[in-house]
Amino acid sequence: MSLPHAILTALLEKPSSGLELTRRFDRSIGYFWSATHQQIYRELGRLEESSLIRELPHEVPVRGGRREYEVLPAGRAELAGWVAEQHDPKPVRDALLLRLRAAAVVGATGLDAEFRRHLQLHRAQLEEYREIERRDFPADLAAQENRLQHLVLQAGINLEEFWVAWLTEAAAVLGAAD
């Protein structure tokens, strides 16, 4: 996935300014594809230069020069083409896993505390995802919800459940090794 495609997706969901996009990335898209404020603004410029998005016209001048963008037909076509492409899964690249592998040869002294810390972080993220699910995808509205967006959230929940289970086991093994 690339930042331009994440921005096109967000703008198709709702035309927005750069600041609004940054806030939306912090609240939703950023959970699986993060970007800084500067990256978003640079990419908006590139997308506009490529005629994939345009600034929305304003009937009256907007205070502070705030610019809102919408996706043009070429941007929608670009995103649809990207969705249809084949992409191989990326291998897991996590420093914590590498540190565990290194601990097998140099010893695991002190690593158990880091695993417990990661366990707490993943538990907190899992609870945050579950709260989003309760808020945005209540069971009584299941027929009306956006099923594809909910699937993305469920993937995050499943990944956090995996990490909580695995880190719990790893912390127990590391604790027993001390």
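Refer to the structure presented above.
Values in this document were obtained by computation on a predicted structure and should not be read as measured data.

Chemist: Explain the overall build of the chain to me, and be specific about the residues and the numbers.
Modeler: When helices and strands are counted, the chain shows seven helices and three strands. Relative to the globule expectation of 16 Å for 178 residues, the C-alpha radius of gyration of the chain, 21 Å, shows a markedly less compact shape. With the C-alpha coordinates of the chain rotated into their principal frame, the extents come out at 70 × 40 × 40 Å. For the chain, with 178 residues in total, the buried portion stands at 32%. Within the chain, contacts between residues separated by at least 24 positions form 56% of all contacts whose residues are at least 6 apart in sequence. As displayed, the chain offers around 12,000 Å² of accessible surface, 55% of which is attributable to carbon and sulfur atoms. The average position of the 22 basic charges and that of the 27 acidic charges among the side chains of the chain differ by 3 Å.

Chemist: Describe in detail the sheet that holds strand β1 (residues 16–17), supporting the description with residues and values.
Modeler: On the basis of which strands lie adjacent, the open sheet formed by three strands has the order β1-β3-β2 and antiparallel pairing. A strand with exactly one partner marks an edge of an open sheet, and here the two such strands are β1 and β2 (53–55). Strand direction decides the pairing type here: β2 and strand β3 (residues 68–71), joined by three bridges, are antiparallel. Across the sheet, I53 pairs through a bridge with V71, a residue of β3. Lying on the sheet, helix α1 (residues 3–13) is in contact with β1, β2 and β3; it crosses β3 at an angle near 95°. The sheet contacts of helix α3 (residues 37–49) involve β2 and β3, and relative to β2 the element is tilted by about 105°.

Chemist: Tell me about unusual backbone geometry, and please be specific about residues and values.
Modeler: Unusually for a residue other than glycine, S51 sits at a positive phi of about 60°. Checked against the element boundaries, S51 lands in the loop between α3 and β2.

Chemist: How would you sum up the side chain of S16? Please name residues and give values.
Modeler: Mapped onto the secondary structure, S16 falls in strand β1. In this view, S16 contacts L11, L21, R24, R67, E68 and Y69; residues no more than four positions away in its chain are not counted.

Chemist: Just give me the short version of the packing of aromatic side chains, but keep the residues and values in it.
Modeler: Using the criterion set out here, one finds four aromatic pairs in the structure. Seen in terms of ring centroids, F115 and W166 are 5.8 Å apart; in terms of plane orientation they differ by 45°. Their pairing is tilted. Separated by 51 residues along the polypeptide, F115 in helix α6 (residues 111–136) and W166 in helix α7 (residues 147–177) bring together distant segments of the chain. Through successive ring pairs, a cluster of aromatic residues spans F115, F162, W163 and W166.

Chemist: Explain the environment of A171 residue by residue, including any values.
Modeler: Positionally, A171 belongs in helix α7. For the pair A171 and A113, spaced 58 residues apart in the sequence, the C-alpha separation amounts to 8.1 Å. When neighbours within four sequence positions are excluded, A171 is seen to be in contact with F115 and R116.

Chemist: Quick one: what's the story with the pairing of β3, residue by residue and with numbers?
Modeler: Pairing between β1 and β3: two bridges, direction antiparallel. Residue pairing for β3: S16 is matched across the bridge by Y69.

Chemist: Describe helix α2 (residues 18–27), and please don't skip the residues or the numbers.
Modeler: Among the residues of α2, G18, E20, L21, T22, R24 and F25 are the ones counted as buried. Residues of α2 that are buried sit in contact with α1, β1, α3 and β3.

What counts and how
Residues numbered from 1 in each chain as written. Predicted model: local features only at pLDDT ≥ 70, side-chain atom pairs only at ≥ 80, totals over all residues. Heavy atoms only, no water. Helix = DSSP H or I, 4+ residues; strand = E, 2+ residues; numbered from the N terminus. Rg over C-alpha atoms; globule rule 2.2 N^0.38 Å. Buried < 20%, exposed > 50% of the residue type's maximum accessible area, 1.4 Å probe, protein only. Contact = heavy atoms within 4.5 Å. Areas by Shrake-Rupley, 256 points an atom, 1.4 Å probe, with all protein chains shown as cover. Lys, Arg positive; Asp, Glu negative; His and termini not counted. Charge placed at Lys NZ, Arg CZ, Asp CG, Glu CD. Pairing = 2+ DSSP bridges. Axes fitted to C-alpha atoms, helices over the stretch in contact; angles between N-to-C directions. Phe/Tyr/Trp six-rings, centres within 6.5 Å; stacked < 30°, edge-to-face > 60°.

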